[in-house]
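A structural walkthrough
The chain contents come next:
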Amino acid sequence: MTPQEIKCQYLANEGYKMHLLYPESEPDDLPESDRDRLLKLDEQWMNECVSVLPAEKIFSIVNNVDRDVKYGE
């Protein structure tokens, strides 16, 4: 993986962890610090990953998120 892909995998993993903590919640329902963190992660994901990497790389990162979070990779 390139350094950019590694960063994007990290962002995806962190965002996924936040969504696991609040699976049914909207951002406005979250505690302020968690909402701010989630919104920042989402913004970074869109700006530094989705808009930069090819679609196949994004899909690969997304497919690895659940496995990475569950197994601590």
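Let me begin by describing the structure that accompanies this report. This structure is a prediction, so every number in the text was calculated from the model and none was measured. (Residues numbered from 1 in each chain as written. Predicted model: local features only at pLDDT ≥ 70, side-chain atom pairs only at ≥ 80, totals over all residues. Heavy atoms only, no water.)

A word on the overall build of the protein. Looking only at helices and strands, the protein has 3 helices and 0 strands in total. For the protein, the α and β elements follow one another from N to C terminus as α-α-α. The globule rule puts the C-alpha radius of gyration for 73 residues at 11 Å, and the 12 Å found for the protein is close to it. With the C-alpha coordinates of the protein rotated into their principal frame, the extents come out at 35 × 25 × 15 Å. (Helix = DSSP H or I, 4+ residues; strand = E, 2+ residues; numbered from the N terminus. Rg over C-alpha atoms; globule rule 2.2 N^0.38 Å.)

The final tally for this structure, using the stated rule, is 1 disulfide. Each sulfur in the disulfide pair Cys 8 and Cys 49 lies 2.0 Å from the other. Note on the Cys 8 and Cys 49 pair: the S-S dihedral is about -105 degrees, so by sign convention the disulfide is left-handed. Here Cys 49 lies in helix H2 (residues 32–50) and Cys 8 lies in helix H1 (residues 3–21), a separation of 41 residues in the sequence. As far as the burial class goes, Cys 8 and Cys 49 line up, both buried. (Disulfide = S-S within 2.5 Å. Buried < 20%, exposed > 50% of the residue type's maximum accessible area, 1.4 Å probe, protein only.)

Here we come to the side chain of Glu 5. By the secondary structure assignment, Glu 5 is in helix H1. In contact with Glu 5, not counting residues within four places along its chain, are Leu 53, Lys 57 and Ile 61. (Contact = heavy atoms within 4.5 Å.)

A separate point is the pattern of salt bridges. Applying the stated criterion across every chain, the model contains 5 salt bridges. One salt bridge connects Glu 5 with Lys 57, and the closest N-O pair in it is separated by 3.3 Å. Here Glu 5 is found in helix H1, whereas its partner Lys 57 is found in helix H3 (residues 55–71), with 52 residues between them in sequence. Here Glu 14 and Arg 37 are joined by a salt bridge, their closest N and O atoms 2.7 Å apart. Of the two residues, Glu 14 sits in helix H1 while Arg 37 sits in helix H2, which places them 23 residues apart along the sequence. (Salt bridge = Lys/Arg side-chain N within 4 Å of Asp/Glu carboxyl O.)

Quick look at the packing of H1 against H2 now. Between H1 and H2, the least distance of the axes is 10 Å, while the angle of their chain directions is 150 degrees. Judged by the sense of rotation from one axis to the other, the crossing of H1 with H2 is left-handed. Between H1 and H2, the residues in contact are Gln 4, Lys 7, Cys 8, Tyr 10, Leu 11, Ala 12, Glu 14, Gly 15, Met 18 and His 19 and Asp 34, Arg 37, Leu 38, Leu 41, Asp 42, Gln 44, Trp 45, Glu 48 and Cys 49, respectively. Looking at the contact of H1 with H2, its residues break down into 9 nonpolar, 4 polar and 6 charged. (Axes fitted to C-alpha atoms, helices over the stretch in contact; angles between N-to-C directions. Left-handed = near helix turned anticlockwise from the far one by under 90°. Nonpolar A, V, L, I, M, F, W, Y, C, P; charged D, E, K, R; others polar.)

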